[in-house]
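# Secondary and tertiary structure notes
Single-letter residue listing:
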Amino acid sequence: MEPLLQSPAAFDVFGIPTVIFSVLIPVVAVALFAYIIAKRLAPIVKARPDYRFDRPVERVKNILKIWLAQWRHPRYMMAGVLHIIIFFGFLILSVRSTELVIKGISEGFVFPGLNTFLGDIYYTLKDYAATAVFFAVVIAAVRRGIFKPERYQYTEAYPHDHTWEALLVLFFIAALMVSESLFEACHVAAQIQAGIQPDFLAPATLGWFFKNLLVDESHAMLQNLHIIAYYTHDIVFFTFLCFLPLGKHFHVITSIFNVFFMRLDKGNIRPVRYGVSEDQLDDLESFGVKKYEDFTWKDVLDFYTCADCGRCADNCPANTVGRPLSPRFISLKARDYAFSHYPLMGEFVSGGALIGDIFSEDEIWSCTTCGACEEECPLGIEYINKIVDLRRGMVDEGNVPQSLQKPLQSLEKRGNPYGMMEKKRADWTKELEDVEVKVLEKGETAETLYFVDSCTSYDDRMQSVAQANARILCAAGIDFGILGKAEKDSGNEIRRFGEEMLFQDIKAHNTEAIQNSGVKRIVTGDPHAYNVLKNEYTGLPPVEHISQVILQAVKSGKIKLSGVTEEEKDKVFVYHDPCYLGRHNKMYEEPRSSIDCIPGIRRVDMLRSRDRSFCCGGGGLMLFYEPTEDERMGVRRVKMAQQAGAHVIVTACPFCLTNIEDGIKVAGLEGKMEAIDLGELIAKHIIK
């Protein structure tokens, strides 16, 4: 009978007990890891405050859904499934890895409960988990190293290829799976040779395969492999632990915290500085982010957490059409900056201005604040607040793009970006012969305020949208009016542009005008106005989008709609989700249901729809910006509608309608495709 194998806690090499190494390796590694983490915390400690400790129950739910359940990962099915296998395999094997560390010091150690039937279940599960993780890692390595999906590629904007890091980590993981399985297999093979009942190894697993391979090997071979496998696992495990905070795999540690602290509300922009009220803004010496320490601690945590997966850039419309912006590179460049200016050894290094140092002006102005990057990120990383804060810093320095200076001046002087006279804001009502629109001034009041906003009030084409919405409100029997010259721009774009003080002035003006009007609710057809009135104003009545009003009126029977016309019956309609109605406010079904209320209408969805909708390019004053790009976003969106087989693109936003109509012209599809606002479409079918 062959003797059983000696454990690492009882073995010796050249008379030196290996238990010494079993103690030294984790002690040294944990001390080194603690030192690295302490250094990495330095920029977080020096960063500005960020209020993220509210609503703990919702935050825990995010942990369970987004971090633990890996909710967003399957949106990229192949990569998502591989990540889920590796993630859950790691969770399962973390108990085993911890147990192995202790086994090297205390022979025969077993966690309480694992020496019962629960242990039989767990050890079987961990055998299959290790095998699944190993094969997932092999597939991931082939995919990353050979096939190289486009979203992983690097450009001149960020030429530091991290592929080697990804492959090294995959090697670490594979080594952990193989060494743990080999360690167990040697022990079971020795039990078989000794003629005793062997521990159970799950069939068709790595451990089972190694056991069958080694069962006829000599006792000395099994003993040596047993010890080598153990210390291979120990060294790789702790090397991996200390390697994590050195690069993109820091997210293995930080992701649970980042998801816990992720933003809970969408559609709003964080204050200029937490703890500083709007009344105290004039006392601040500086606005926005100009140097690295101006970022909040959550920003730095975001930078650390970026996994370099490229999902944000893959869905970013600015990146897609060739603008000089990739959300992914925003995070990577900022993390590199933290690593170089807060080194693991040596003194911290003071840095210069971020704009021009690590970020370019065009890069920051290219963002439309559509939110696609944040919707896609599986780790809760935020970009809009950072972009806006960087813009606040540039605006504070007087650094504004030439094409945006005139609309900004017009907003300051006239309350609209077109520079039009205030008294002309209600001129669109003059052509409404069948509807009387009250102007809420001189004591005039109504139950509902129709907040028109600047684009719909002044743009010749968009005025027909205002008129259609007025007809809908009238047909629904709603007592409504407008503010007329008392209304100023809603300010949604002003705030995202970075002009905080102008936004505060306009918000105060509109709030007072709305409160003085005595209305009980607000309706708007502009998602940008809807967003800012609902999410960033205070003290206002409830705010609704016109699509909600339409659906309520049709369902209640107040509005009846005729069927498709002879001209429409052969056409296919598609709805384009505006960013500020969809992603920022989760209103996807009301506009679609409103369209579907028209008898006989044929509607399809584009491949990129709902929370994956593609921005038209109109957010954040982008209607007036002249970016460098390969193709207009509106043109790209029109082509998506064409691929869906649509003839008519229905929008629910004046900015979207403007850009999509321009896109149809630029794409050479006039006569083949058309765009219409939801309000125009519904008003056309109202049975009087």
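Residues numbered from 1 in each chain as written. Predicted model: local features only at pLDDT ≥ 70, side-chain atom pairs only at ≥ 80, totals over all residues. Heavy atoms only, no water.

## As for helix H1 (residues 19-40)
Spelled out, the test is: Note on conventions: DSSP H or I runs of at least 4 residues are helices, E runs of at least 2 residues are strands, and numbering of each starts at the N terminus. Expected helix span is taken as 1.5 Å per residue step, with the number of steps being one fewer than the number of residues. Any residue under 20% of the maximum accessible area for its type is buried, any over 50% is exposed, and the rest in between are partly exposed; the area is computed with a 1.4 Å probe on protein chains only. An arc is given here, and it is the one of the directions from the helix axis to the C-beta atoms. Whether two residues are in contact is decided by their heavy atoms, any of which lying within 4.5 Å being enough.
End to end, H1 covers 32 Å across 22 residues, agreeing with the expected 32 Å (1.5 Å per residue, within 8%). Taken residue by residue, H1 has Ser 22, Ile 25, Pro 26, Ala 29, Phe 33, Ile 36, Ile 37, Lys 39 and Arg 40 as its buried positions. Angularly, the buried residues of H1 cover 155° about the axis, an arc narrow enough to put them on a single face. Facing away from the buried surface of H1 by more than 90 degrees, the exposed residues are Val 27 and Val 28. Residues of H1 that are buried in the fold lie against helix H2 (42-46), helix H4 (77-103), helix H8 (219-243), helix H9 (251-260), helix H10 (297-305) and helix H13 (327-341).

## Overview of unusual backbone geometry
The backbone of Phe 14 sits at a positive phi, close to 50°, despite the residue not being glycine. Positionally, Phe 14 belongs in the loop between strand E1 (12-13) and strand E2 (16-17). Its identity is not glycine, yet Ala 204 carries a phi of approximately 65°, on the positive side. Looking at the element boundaries, Ala 204 is found in the loop between helix H6 (163-193) and helix H7 (206-214). The exposed category is assigned to Ala 204, whose relative accessible area is 56%.

## Focus: the pattern of salt bridges
The following threshold applies: Salt bridge, as used here: a side-chain nitrogen of Lys or Arg that lies within 4 Å of a carboxyl oxygen of Asp or Glu.
One pass over the structure, following the stated rule, counts 57 salt bridges. Across the pair Lys 126 and Glu 180 runs a salt bridge, and its minimum N-O distance is 2.6 Å. A residue pair is termed long-range when its members are at least 10 positions apart, and Lys 126 in helix H5 (residues 117-147) and Glu 180 in helix H6 qualify at 54 residues. Note on Lys 126: relative accessible area 1%, which makes it buried. Across the salt bridge formed by Asp 605 and Arg 610, the nearest N and O atoms sit 2.9 Å from each other.

## A few points about the sheet that holds strand E5 (residues 480-482)
This is how the line gets drawn: Here, strands pair whenever DSSP counts at least two bridges between them. Here, axes are lines fitted to C-alpha atoms. For helices the fit covers the stretch in contact, and angles between N-to-C directions go from 0 to 180 degrees.
Pairing is parallel across the open sheet formed by 5 strands, whose spatial order is E3-E5-E4-E6-E7. Edge positions in the sheet fall to strand E3 (438-439) and strand E7 (543-545), since each has one partner strand and no second. Examined bridge by bridge, strand E4 (residues 448-450) and E5 share 2 bridges and lie parallel to one another. Opposite Leu 449, over in E5, you have Gly 481 as the bridge partner. Contacts from helix H23 (residues 546-556) reach strand E6 (521-524) and E7, with the element oriented near 75° to E7.

## A short note on the environment of Ser 181
In this structure, Ser 181 sits in helix H6. Sequence-wise, Ser 181 and Thr 131 are 50 residues apart; in three dimensions their C-alpha atoms are separated by 8.6 Å. Ignoring sequence-local partners within four residues, the contact set of Ser 181 consists of Ala 130, Leu 206, Gly 207 and Phe 210.

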